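The lines below spell out each chain.
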Amino acid sequence: MEIPFVVGGVLALLLFRTLVKRLLYPRPIPGIPYDEKAAKRITGDLPSIAATYKEFTEWALPIGRRSLQYGSPIHQLFMNPFTKPYVVIDDPREVSDMLLRRPKEFDKSISAGVWQTFVPHATSAQSTTPEWRAQRKTWQDTMHPDFLRRVVAKNVYAAAKDLTRLWEARCLHSKGHPVDVSEDFSFAALDAIWTATFGDRLNLVDAQIQMLETGKQVESKGLDMHSTVQYINNLANTWRGAFWPALARWRLKRSPDYRRYMEAKDREIDRILLDATARFQKVLDGSSDGEEYDTCAMDLVLRRNMLAAQKAGKPIPDPTTDAGMRDELLLFIYAGHDTTSTTLQWFVKLMTNNQEVQTKLRESLRSAFPSETLPDVTDLVTKDVPYLNATIEETLRCAGTVGRIVRVATKDTEILGHNIHAGTEIIGLNVTKWHPVPVPEETRSFSSRAAFEKNGGVDWTLKPNAQDLDKFAPERWFRIDEDGNEVFDPSALIQNAFGGGTRACFGRRLAMMELRIMIALTVMSFKFLPVPVELNSFQAVEQLLRTPQQCFVKLEAV
């Protein structure tokens, strides 16, 4: 009797060990490089990610660059127990192909993250379904060029002018010393995106000017909203490296700080929505469609929803109970504020460290707008300034504000010759800052090879403008046309900063308008002089975005 009992115990133990290994330990995808030590840990790559973050205060790009060590543009990460490996793609061409030409094979990942936690009903938190398409269609005209020029541009321009006034005050008070302008950009960007979204002013930059001039703290709802938005944007760190991210998010949403910030945000948005609803009652008499009353993105959508309900004979909807509208509005704020602010921070650092480029950009702007005063908003958004365009593209490339894009395989497929099963999460590095490891052309997808031939069949890494990618050079975005003229070419390099395809960044046009206006007005108003090396670190801090650890500038009015 004892022998069968012992044998049964051994078999049970072996079975238990097998189950533990299958359920908890990483199971690598055959043929794709990975860290062998990580494969032997239940925690997988989490310890090395945590160590990398501790050393560099970012992890996505340093970990992504493992591809250079592996000698392969594709490798895998083991992020959490019970999950498949993440596949990392460090090849701009392959990432672009996945985004642009393979939408039936790869969709936006909706695994629980920042958007799924805080704005679960927004389009950014949803997969590409008929419902998603209907919701996106509701909002698509808020990014129409005509609406942006007619309604939004003047608000962005006002925020940029406020920023120049703040910097004039800083010039007077700094006495020639470098100043940290990271919060200045944050305030100006939130002023711009809040007004563009809600038609309501926060006057954050004005508050900063008052504090500089009076030396006294200024209390305003704008500062409360800024704290709330910053709180949300900083929450990406809350569950980074957590063994059980879902539990970390569950605990977070029950914390007093979370509830306090969310309640403050809800009160302010409810007030704005109800005020707008009352204002639009006048369009329901049928005398006009009320387009002249639109002052922001919310107005456009809210007015159309009210008119559609009236036409269908339905009650006028209460926007405060429309989860899709509330979350989409919040997404405008969360996604549109920090991305612009962070990119502008990288911009002034790049200008400070590239004085010749800065001078050339200023001269190009002065040539395009020769008046002694700053150009008006209409001229700024309509006149073509090729060197400004090139500088913005090069800033986006070098900044790497959003270092990665996550997609999920919707069916069994292949990437660079490797089998990828449905449900596998794909992390695509969306920066073009180094040459990827070369691969045989036949391993690429059919769509990638077809696009390659259509575009001339020349490896992008061999082109002159793709050399010295560690340098900031707007000139790489120019080409010589058939008449021998130098012209701006937005496709000169692969640029995945805004993603691509069906799920590309919805706010791309707004972001480019904000960057254009903010950069033009600040460069025409100030010189960014060199700063001491101890204030000039290019180290990034990765939270939801990659933000420069330091953003000091030495301002001189021009």
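Residues numbered from 1 in each chain as written. Predicted model: local features only at pLDDT ≥ 70, side-chain atom pairs only at ≥ 80, totals over all residues. Heavy atoms only, no water.

A few points about the overall build of the chain
The line we're drawing: Helical segments are the DSSP runs of H or I of at least four residues, strand segments are the runs of E of at least two, and each set is numbered from the N terminus. We take the radius of gyration over the C-alpha atoms and set the globule estimate at 2.2 Å times the residue count to the 0.38 power. Accessible area is worked out with a 1.4 Å probe on protein chains only. A residue is then buried under 20% of its type maximum, exposed over 50%, and partly exposed in between. Contacts: residue pairs with any heavy atoms within 4.5 Å of one another.
Across its full length, the chain carries 21 helices and 14 strands. Here the C-alpha atoms of the chain give a radius of gyration of 26 Å, agreeing with the 24 Å that 2.2 N^0.38 yields for 558 residues. Overall, the chain is about 95 × 60 × 50 Å in size when its C-alpha atoms are taken along their principal axes. Of all 558 residues assigned to the chain, the portion counted as buried reaches 52%. Here the contacts in the chain between residues at least 6 apart in sequence split such that 72% fall between residues at least 24 apart.

Points about the pattern of salt bridges
Pairing between side chains of opposite charge can happen when the charged atoms of each approach one another. Just so we agree on the cut-off: Counted as salt bridges are all cases of a side-chain nitrogen of Lys or Arg within 4 Å of a carboxyl oxygen of Asp or Glu.
Considering all chains together, one arrives at 30 salt bridges under this definition. For the salt bridge of Glu105 with Arg102, the shortest nitrogen-to-oxygen distance reads 2.8 Å. Given the relative accessible area of 6%, Arg102 is considered buried. Among the salt bridges present, the one from Arg271 reaches Asp275, with a minimum N-O distance of 3.2 Å.

Quick notes on the side chain of Asp489
For clarity, the cut-off: Contacts described as polar in this section are N or O atom pairs within 3.5 Å, which, within protein, must combine one atom able to donate a hydrogen with one able to accept it, while residues neighboring in sequence count only if both atoms come from side chains.
Take Asp489: it is sitting in the loop between β10 (486–488) and α21 (508–525). Only 2.8 Å separates the side chain of Asp489 from the side chain of Ser491, close enough to count as a polar contact. In this structure, Asp489 is in contact with Trp477, Phe478 and Arg479, ignoring residues within four places of it in sequence.

Comments concerning the packing of helix α9 (residues 145–174) against helix α10 (residues 182–198)
Threshold: Inter-axis angles, ranging from 0 to 180 degrees, are taken between N-to-C directions of lines fitted to C-alpha atoms, where helices are fitted over the stretch in contact. We call two directions roughly parallel when the angle between them is under 35 degrees, roughly antiparallel when it is over 145, roughly perpendicular when it lies between 65 and 115, and oblique otherwise. For any pair of crossing helices, the crossing counts as left-handed if the nearer helix is rotated counterclockwise from the farther one by less than a right angle, and right-handed if it is rotated clockwise. Residues are grouped as follows: Ala, Val, Leu, Ile, Met, Phe, Trp, Tyr, Cys and Pro are nonpolar; Asp, Glu, Lys and Arg are charged; every other residue, Gly included, is polar.
Interaxial distance between α9 and α10 falls to 8 Å at its minimum, and their mutual angle equals 160°. Judged by the inter-axis angle, α9 sits roughly antiparallel to α10. For the element pair α9 and α10, the recorded crossing hand is right-handed. For the pair formed by α9 and α10, the contact residues are Val152, Asn155, Val156, Ala159, Leu163, Leu166, Trp167 and Arg170 on the first element and Asp184, Phe185, Ala188, Asp191, Ala192, Thr195 and Ala196 on the second. Grouping the constituent residues of the contact of α9 with α10 by class yields 10 nonpolar, 2 polar and 3 charged.

Considering the packing of aromatic side chains
The following threshold applies: Stacked, tilted and edge-to-face are the three classes applied to pairs of Phe, Tyr and Trp rings, where Trp contributes its six-membered ring and a pair requires centres within 6.5 Å; stacked means planes under 30 degrees apart, edge-to-face means over 60, and tilted covers the rest.
Tallying each qualifying case throughout the model produces 11 aromatic pairs. Ring geometry for Trp194 against Phe198: centres 4.7 Å apart, planes inclined by 55°, an arrangement best described as tilted. Of this pair, Trp194 and Phe198 are both found in helix α10, 4 residues apart, which corresponds to roughly one turn of the helix. For Trp194, a relative accessible area of 2% puts it in the buried group. On the accessibility criterion, Phe198 (3% relative accessible area) is buried. Arranged with centres 6.2 Å apart and planes meeting at 35°, the rings of Trp346 and Phe538 form a pair that is tilted. Taken together, the residues Trp346 in helix α16 (residues 323–352) and Phe538 in the loop between β11 (526–529) and β12 (540–542) connect sequence positions 192 residues apart. Among the residues examined, Trp346 registers a relative accessible area of 4% and is labelled buried.

Focus: the pairing of strand β5 (residues 404–409)
Heads up, the condition is: Here, any two strands with at least 2 DSSP bridges between them count as paired.
Direction of pairing for strand β3 (residues 106–108) relative to β5: antiparallel, over a ladder of 3 bridges. Looking at β5, one finds that Phe106 is bridged to Ala409. Both β5 and strand β8 (residues 425–429) contribute to a ladder of 5 bridges, which runs antiparallel. Across the sheet, Arg407 pairs through a bridge with Ile426, a residue of β8.

Digging into the environment of Val119
Inspection of the secondary structure puts Val119 in the loop between α7 (114–118) and α8 (130–139). Its relative accessible area of 0% is what places Val119 among the buried residues. Considered as a pair, Val119 and Pro145 are 26 residues apart in the sequence and their alpha carbons are 26 Å apart. Once residues lying within four places of it in the same chain are set aside, the contact partners of Val119 are Val114, Ala125, Asp327, Leu330, Leu331 and Tyr334.

What to know about the sheet that holds β11
Here we have 3 strands laid out as an open sheet, ordered β4-β14-β11, and antiparallel in their pairing. A single partner strand is all that each edge strand has here, and the edge strands are β4 (179–180) and β11. Taken together, the 2 bridges between β4 and strand β14 (residues 552–557) define a ladder with antiparallel strand orientation. Residue pairing in the sheet places Asp180 in a bridge with Phe552 of β14. Sheet strands touched by α21: β11 and β14. Its angle to β11, the strand with the most contacts, is close to 85°.

Concerning the nonpolar core
So the rule is basically this: Among the buried residues, those of types Ala, Val, Leu, Ile, Met, Phe, Trp, Tyr and Cys that are joined through side-chain atoms within 4.5 Å form a nonpolar core.
Among the nonpolar cores identified, the biggest contains 111 residues, and Trp167, Val348, Leu361, Leu365, Ile517, Ile519 and Phe528 are the most heavily contacted of them. Not counting chain neighbours up to four residues away, the residues in contact with Leu365 comprise Val385, Leu388, Ala520, Val523 and Met524. Of all hydrophobic cores here, the second largest spans 15 residues; its members include Ile32, Met98, Ile415 and Ile420.

Side note on helix α11 (residues 204–214)
Those residues of α11 not exposed but buried are Leu204, Val205, Ala207, Gln208, Ile209 and Met211. Two residues or fewer past α11, Gly215 is found with a positive phi of approximately 75°.

Section: the sheet that holds strand β2 (residues 86–89)
What the 5 strands build is an open sheet, ordered β1-β2-β8-β5-β3; its pairing is mixed. Every interior strand has two partners, whereas the edge strands, β1 (74–77) and β3, have only one. Each strand axis lies, on average, 35° off the axis of its neighbour in the sheet, ignoring direction.

A look at α10
One full turn of an α-helix is made of 3.6 residues, so residues set three or four places apart face in the same direction. What counts, and what does not: The span you would expect from a helix comes to 1.5 Å times its residue count less one.
Its 17 residues give α10 an end-to-end C-alpha distance of 24 Å, which sits within 8% of 24 Å, the value for a rise of 1.5 Å per residue. Of all 17 residues making up α10, 15 are buried, and the element is well covered by its neighbours. Directly after α10, the chain includes Gly199, whose backbone phi takes a positive value near 75°.

Regarding the environment of His75
Position of His75 relative to the elements: it lies in strand β1. Separated by 32 residues in the primary sequence, His75 and Asp107 have C-alpha atoms spaced 20 Å apart. A distance of 3.3 Å separates a polar atom in the side chain of His75 from the backbone oxygen of Gly64.

Interpretation in functional terms is not warranted from these geometric data alone.
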